[in-house]
Each structure stands twice: as C-alpha cells, then as structure tokens.
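# Residue-level structure breakdown
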Amino acid sequence: MESTKQNPPDPQGRALDLERIDLKGMSEDEIVELCGEAGEPAYRGKQVFSWVYDKGETDIGRMSDLPKRFREWLAARARIGWLEAEETEKGADGTEKFFWRLGDEAGVESVRIPMPRTGGGYRWSLCISTQVGCAMGCAFCLTAKMGFVRNLGTGEIVEQFLAARRGLPPGERLHNVVFMGMGEPLDNYDATVAAVRLLTHPRGIGLSPRRLTVSTVGVIPKIKEFVRELPGVGVAVSLHAADEVTRAKIVPPSRKWPMGEILRACKELPLPERQRITFEYVLLSGVNDSSGDAVKLAGLLRGMRCKVNLLPWNPFSGAPFERPSDKCVEAFRRILAGRGIAVTVRQSKGLDIRAACGQLVDTVKMAERGWDGGKLPMAPVSVNKTG
Ligand code: SF4
C-alpha cells in the first residue's frame, strides 16, 4: 500500500496528519483489506472505495452509509489525499491549465480541454502528468529542461482527474484522459498501471479503457507489458522522425530503443481487434517536416494498424526550433493520407497559456535552475541528417 503526501490543509480546513494512510491511490482490494482490520466485511471496503473514486468524497466523516463507529475507526487511521490548484489559467479557446503544488513542494501541471459538440455542450479531455519533470530529454520539450525530479504516486495521478472533475460545470463529465503531461508514463510504470486500473474500475471512476491513452517515447519492454496487462487502453508512441539519425538527435532514448526496434515491437503487439496504435509526430521546421520525411514515414508504417497524429511544434523561448507553416503541415499530411495512412493534424490547444503539448513545466523548479520565464539557455541542435 502506498501513501502519497499532498498539501495540507484538507478540504475541511484541517491540517493533514501525513502519518495516516492515504486512501487515494489504494486499490479496492487494499481498501477491503484495511477495512477488514476493523472486522468489517468486504462489501464495506467496496463502499469506501466507491466513495473515494466514484463520488470523489474527500471526508471520511461524510460517508453517510457507513456506521458512525466505523467511520471514526477509519478516520483515525486513514485520510483521503487531494490536490488543490495553486494556479489555474484559462486560454482563449477555453483550455484550462492547473498547477498542482504537491506535499513536498514539487509541482505538476494538468490541462483540461473542452471540445465543442454539435448540438451544444462539450466533450472534455484531460491531459495528466505522471512525473515531476522528465528524464527523457526530448530536445523540443520544455518539461525536459526541468530534468527528472520524482515519480508521482498513484494517488497523485488519479487525483489530477478527480480534482479536474470537481471543477466542471454541473452535468458535465470528463470523457477522455491522455497521459501526455509531464513525464514518461512507462518510466513510472507501476503507478501508471495502478492509476489506469482505478480510472477504469467499474465501481470507481468507471471510464472505458478506450477513453484512455498512454503515451511513450518507446520504452519497448514496458509497452509490451502494458498492452498485455491493460488491453484496450490506447497507446501512443512518440516517433517524431522518419529516420534513426534525426530521431536520435531529438529523442535521446532512441540510442537505447532505436526506432527500427520500436516499430518491430509495435507490429507484434497483441492489440485487440479494433484497436490501432497511435504514432505521435512533432513537426519541426527544417528538421523532420520535408516531403521526403513524409514519404519515408509512410513507408515505415505501411501495413500497420495505426494512425498518425501530426503536432506542429509548440514554441517556447530559447528553443532551437521553429514551428512549420500550415502549408508545410498540410503537405506532410497529404503525403501520408495519399499513401493510405490514417492521419490527423492535432490542433494546439492552450498555446496562449503555455498549456500545449511539450510546454508543461514547474516554473519554481525551473527558477531554481536559473530560468526567469524568458529565453532558456539551450544548445543548438544540428539537423544534418548525415551526421
Ligand atoms: S516529450 Fe514527453 S518523454 Fe519527451 S521529455 Fe517531454 S515529457 Fe518527457
């Protein structure tokens, strides 16, 4: 059982006793076992589980269908960790970015995106983080500039969902969750898998696995394990190049997991019949966005059950890249589509609040590294593909 420290005080204004076990992040079996210590039957633990994840309750005292004596017993031993946004920013397109300060003063960001529905209302997507910072070092990503600080606990990952859900307009719900915020989810494998299980548990949050997508730079052994453990959950592999040399320059883990091996592994994944693997491709002007790159990429993916998401790069100050023109992006898309590859251009949401892909960061940790929010001191990236 894992205990995650989060920021006091709790929603009722009481200082948190961090010695009590945190129910947030515990599985149903673990909660049943804990409640069993009080001599309670399994169904009692299941009720508690449902209060924590389905109803999103943050106060054990308010679990009204539990006997008062048992609530007191539980409250003396356990608490329900929670996150409150230290800062929320809303962009012109309605995208909201939450900055969560964690118990140890580290911080992560999540992004909630409204997609207007024909007929009114919205479909809401949430992009969540799995690590504070990231060790992968992708050249085009602001999070990478923080370096790796620590893994998030299961409770901290799931609570990003519950906290973002609490702030929705009445009657609305979160439809999709993408693990594409700060960090490499498969580098924090156990907590990511446990969080997915909680998000999809029928007595918990109850999302369909199809509504979840976990992204990875291509941690080959873990992708295979993940697909076997959690069939039906979407997997998005960040390819970002059509040849090994270019990829190694912008995605450093390529040296450990070369693109050829990643593609071979993806071809062998035991995906459920109607599932396709997604390949993410950040378009960087003059680096990986030529028509030759598009042709090569189409050749690499020929015959695979896949789709490609093209992401025109989202700039941040000091980065040695440029965002390609819309014309160039469209030409790239057409080449892939013309060769039978399912492809979409992902619109950058929340660009004005630095909430788009690759732009999430803990500004305090960055300030400790001498960043003032302006231009970052960065080495130029050579894009000579023969180098
Ligand atoms: S793109 Fe993803 S994996 Fe790469 S450094 Fe950024 S957060 Fe990490």
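Note that the structure is a prediction, hence the values are computed from the model and not measured.

## A few points about the site of the ligand
Taken together, Cys134, Met136, Gly137, Cys138, Cys141, Ala144, Gly183 and Val217 make up all the residues around the ligand. In the shell around the ligand, the residues fall into six nonpolar, two polar and no charged.

## Looking at the packing of helix α4 (residues 154–166) against helix α5 (residues 189–200)
Look at α4 against α5: their axes get within 8 Å of each other, and the N-to-C directions meet at 40°. It follows that α4 is oblique to α5 by the angle criterion. In this structure, α4 crosses over α5, and the sense of that crossing is right-handed. Residue-level inspection shows Thr154, Ile157, Val158 and Phe161 of α4 in contact with α5, the latter providing Ala191, Thr192, Ala194, Ala195, Leu198 and Leu199. Taken together, the residues that form the contact of α4 with α5 break down as eight nonpolar, two polar and no charged.

## Thoughts on the nonpolar core
Core analysis: the largest hydrophobic core is formed by 118 residues, its most contacted members being Leu23 and Phe279. In terms of residues, this core owes the most to one element, α5, which gives seven residues. Counting the residues that make up this core, at least three belong to each of domain 1 (21–79) and domain 2 (85–368).

## Regarding the pairing of strand β14 (residues 342–345)
Sheet topology places strand β13 (residues 306–312) next to β14; four bridges connect them, and they run parallel. If you follow Val308 over to β14, its bridge partner there is Val343. In this view, the connection linking β13 to its parallel neighbour β14 by way of helix α10 (residues 326–338) has right-handed handedness.

## Remarks on the packing of aromatic side chains
Here the structure, examined in full by the defined rule, presents seven aromatic pairs. Judged by centre distance (5.6 Å) and plane angle (55°), the ring pair of Tyr122 and Trp124 falls under tilted. On the basis of relative accessibility, which here comes to 36%, the residue Tyr122 falls in the partly exposed class. Connected via pairs of aromatic rings, a cluster forms that spans Trp313, Phe316 and Phe321. Sitting over the ring of Tyr189, Lys222 keeps its end group 4.7 Å from the ring centre.

## Looking at the environment of Asp289
Structurally, Asp289 is set in the loop between β12 (277–283) and α9 (291–301). Exposure remark for Asp289: the relative accessible area of 10% places this residue in the buried category. Separated by 39 residues in the primary sequence, Asp289 and Cys328 place their C-alpha atoms 7.4 Å from one another. For Asp289, the contacting residues outside a window of four places in its chain are Leu283, Leu284, Pro324, Cys328 and Phe332. Within the local environment of Asp289, its side chain forms a polar contact with the backbone nitrogen of Gly286, the two atoms lying 2.9 Å apart.

## Notes on the pairing of β12
For β12, a buried count of seven out of seven residues is recorded, marking the element as mostly surrounded by other parts of the structure. Going residue by residue along β12, you find Ile277, Phe279, Tyr281 and Leu283 tucked away on one face and Thr278, Glu280 and Val282 tucked away on the opposite face as well. Relative to β12, strand β11 (residues 234–238) runs parallel, the two being bridged by three bridges. When the bridges of β12 are listed, Ala236 appears paired with Thr278. In this sheet, β13 lies alongside β12 in parallel orientation, the contact comprising seven bridges. Residue pairing across strands places Glu280 opposite Asn309, the latter belonging to β13. Chirality of the crossover, the property in question, places the unit of β12, α9 and β13 among those that are right-handed.

## Here's the deal with the confidence of the model for the chain
Averaged over all residues, the pLDDT of the chain is 88; the fraction at 70 or higher stands at 88%. Note that pLDDT drops below 50 for residues 1–9; the model gives that stretch 45 contacts with residues more than four away or on any other chain. With pLDDT under 50 throughout, residues 377–387 is counted as low confidence; its partners more than four residues away or in other chains account for 28 contacts.

## As for the packing of α5 against helix α6 (residues 220–229)
Relative to each other, α5 and α6 sit at 20°, their axes nearing to 12 Å. Taken together, α5 and α6 sit at an angle that is classed as roughly parallel. For the element pair α5 and α6, the recorded crossing hand is right-handed. Touching Tyr189, Val193, Val196 and Arg197 of α5 are Lys222, Glu225, Phe226 and Glu229, all from α6.

## Considering the pattern of salt bridges
Pairing between side chains becomes possible if they bear opposite charge and their charged atoms approach one another. What the rule picks out here adds up to 18 salt bridges. Here Glu72 ties to Lys68 by a salt bridge, and the two come within 3.0 Å at their closest N and O atoms. With a gap of four residues between them, Glu72 and Lys68 both fall in helix α3 (residues 68–77), about one helical turn apart. Residues Glu96 and Arg112 are paired through a salt bridge, measuring 2.6 Å at the closest nitrogen-oxygen approach. Within this pair, whereas Glu96 is found in strand β4 (residues 96–101), its partner Arg112 is found in strand β5 (residues 107–116), the two being separated by 16 residues in sequence. Considered together, Glu96 and Arg112 belong to a single accessibility category, that of buried residues.

## Quick notes on the sheet that holds strand β9 (residues 174–179)
On the basis of which strands lie adjacent, the open sheet formed by ten strands has the order β3-β4-β5-β6-β9-β10-β11-β12-β13-β14 and mixed pairing. Among the strands making up the open sheet, the edge pair consists of β3 (85–90) and β14. Sheet twist, expressed as the average angle between the axes of neighbouring strands with direction ignored, equals 20°. Alignment of β4 against β5, held across six bridges, turns out to be antiparallel. Bridge assignment links Phe99 to a residue of β5, and that residue is Glu109. Sheet strands in contact with α10 are β12, β13 and β14, and its direction is about 170° off that of β13.

Rules of the game
Residues numbered from 1 in each chain as written. Predicted model: local features only at pLDDT ≥ 70, side-chain atom pairs only at ≥ 80, totals over all residues. Heavy atoms only, no water. Near = heavy atom within 4 Å. Nonpolar A, V, L, I, M, F, W, Y, C, P; charged D, E, K, R; others polar. Axes fitted to C-alpha atoms, helices over the stretch in contact; angles between N-to-C directions. Helix = DSSP H or I, 4+ residues; strand = E, 2+ residues; numbered from the N terminus. Parallel < 35°, antiparallel > 145°, perpendicular 65-115°, else oblique. Left-handed = near helix turned anticlockwise from the far one by under 90°. Contact = heavy atoms within 4.5 Å. Core = buried A, V, L, I, M, F, W, Y, C linked by side-chain atoms within 4.5 Å. Buried < 20%, exposed > 50% of the residue type's maximum accessible area, 1.4 Å probe, protein only. Domains from an automatic or database assignment. Pairing = 2+ DSSP bridges. Right-handed = clockwise from strand over helix to strand, strands pointing away. Phe/Tyr/Trp six-rings, centres within 6.5 Å; stacked < 30°, edge-to-face > 60°. Lys NZ or Arg CZ within 6 Å of the ring centre and 35° of its normal. Polar contact = N/O pair within 3.5 Å; in protein donor to acceptor, adjacent residues only side chain to side chain. pLDDT = per-residue confidence, 0-100. Salt bridge = Lys/Arg side-chain N within 4 Å of Asp/Glu carboxyl O.

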